[in-house]
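Coordinate inspection notes
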Amino acid sequence: MTDAIANNHVVSFHYTLTNAEGEVLDKSQGEPLPYLHGAGNIIPGLEKALEGKKVGDKFVVNVPAAEGYGEYNPDLVQEVPKNMFQGVDNIEAGMQFQAQTDDGVQIVTVKAVEGETILVDANFPLAGQDLTFDVEIVDIREASAEELEHGHVHGAGGHHH
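What you are looking at is a predicted structure, and each value in this text was computed from that prediction instead of being measured. (Residues numbered from 1 in each chain as written. Predicted model: local features only at pLDDT ≥ 70, side-chain atom pairs only at ≥ 80, totals over all residues. Heavy atoms only, no water.)

Focus on the overall build of the protein
Secondary structure summary: the protein contains 2 helices and 9 strands in total. Secondary structure of the protein in N-to-C order comes out as β-β-β-α-β-β-β-β-β-β-α. On the principal axes, the C-alpha backbone points of the protein span a range of 60 × 35 × 25 Å. Split into buried and exposed, the 161 residues of the protein put 32% on the buried side. Long-range pairs, those at least 24 residues apart, make up 62% of the contacts in the protein between residues at least 6 apart in sequence. Carbon and sulfur atoms provide 47% of the accessible area of the protein, an area that totals close to 9,600 Å². In the protein, which carries 8 positive and 27 negative side-chain charges, the distance between the mean positions of the two groups comes to 8 Å. (Helix = DSSP H or I, 4+ residues; strand = E, 2+ residues; numbered from the N terminus. Buried < 20%, exposed > 50% of the residue type's maximum accessible area, 1.4 Å probe, protein only. Contact = heavy atoms within 4.5 Å. Areas by Shrake-Rupley, 256 points an atom, 1.4 Å probe, with all protein chains shown as cover. Lys, Arg positive; Asp, Glu negative; His and termini not counted. Charge placed at Lys NZ, Arg CZ, Asp CG, Glu CD.)

What follows is the structure, given as structure tokens:
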């Protein structure tokens, strides 16, 4: 175990994520979330706030949208013809699909269905939202050479190949 969070450390932490209205959006479920610090595995505002923290530290981090999942981009909302959803009989608002784009696979959320036209939103669901993380640091260790090479955590609670 190492002393304080810095680049190339594997950090495990518990968290509860809430939005500006105080609604719980996500939380660690039993097991802490491990990530490789400095590899961009978590949102920038949270990673920056964790720098230098130690095991046992408990704190609240307010992350503005720009340092979280980005600002909401209205250009990512568009109308597409219903026939682009081949093999899906019942399309409803709230459903999510994978779409192939010039930037690779992207998740889109159906906002509305209007006859043969579907309104989709390619913004990340938490884009444009200021977020609050209630955090507890559980463990800090040096990353292995393989983890550093791959850019993410391996093993228990991490990525398995």
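Having put the structure on the table, let's press on.
Considering the packing of aromatic side chains
One pass over the structure, following the stated rule, counts 5 aromatic pairs. Judged by centre distance (5.7 Å) and plane angle (85 degrees), the rings of F13 and Y35 are edge-to-face. You can see F13 sitting in strand β1 (residues 9-18) and its partner Y35 sitting in strand β3 (residues 33-36), a full 22 residues away along the chain. The residues F13 and Y35 share a single accessibility class, namely buried. Between the aromatic rings of F85 and F97, the centroid separation amounts to 4.9 Å while the plane-to-plane angle is 70 degrees, which identifies the pairing as edge-to-face. (Phe/Tyr/Trp six-rings, centres within 6.5 Å; stacked < 30°, edge-to-face > 60°.)

Considerations on the side chain of H37
Of note, H37 is situated in the loop between β3 and α1 (44-50). The contacts of H37, once residues within four sequence positions are left out, are I5, A6, N7, N8, H9, V11, E47, L50 and E51.

Some thoughts on the UniProt feature "domain: PPIase FKBP-type" (unreviewed entry) in the protein
The UniProt record marks residues 8-83 with the feature "domain: PPIase FKBP-type" (unreviewed entry), using the residue numbering of this structure. End C-alpha to end C-alpha, residues 8-83 measures 47 Å, and it is 9% helix and 38% strand. (UniProt positions renumbered as here; feature names shortened; annotations may be inferred.)

Some remarks on the pattern of salt bridges
Taken as a whole and assessed by the stated rule, the structure comprises 3 salt bridges. E67 is the salt-bridge partner of K48, the closest N and O atoms lying 3.3 Å from each other. With K48 in helix α1 and E67 in the loop between β4 (58-63) and β5 (77-81), this residue pair connects regions lying 19 residues apart in the sequence. Taking relative accessible area as the criterion, E67 reaches 29% and is therefore assigned partly exposed. Residue R141 is joined to E147 by a salt bridge in which the shortest nitrogen-to-oxygen separation is 2.8 Å. A relative accessible area of 28% means that R141 is categorised as partly exposed. (Salt bridge = Lys/Arg side-chain N within 4 Å of Asp/Glu carboxyl O.)

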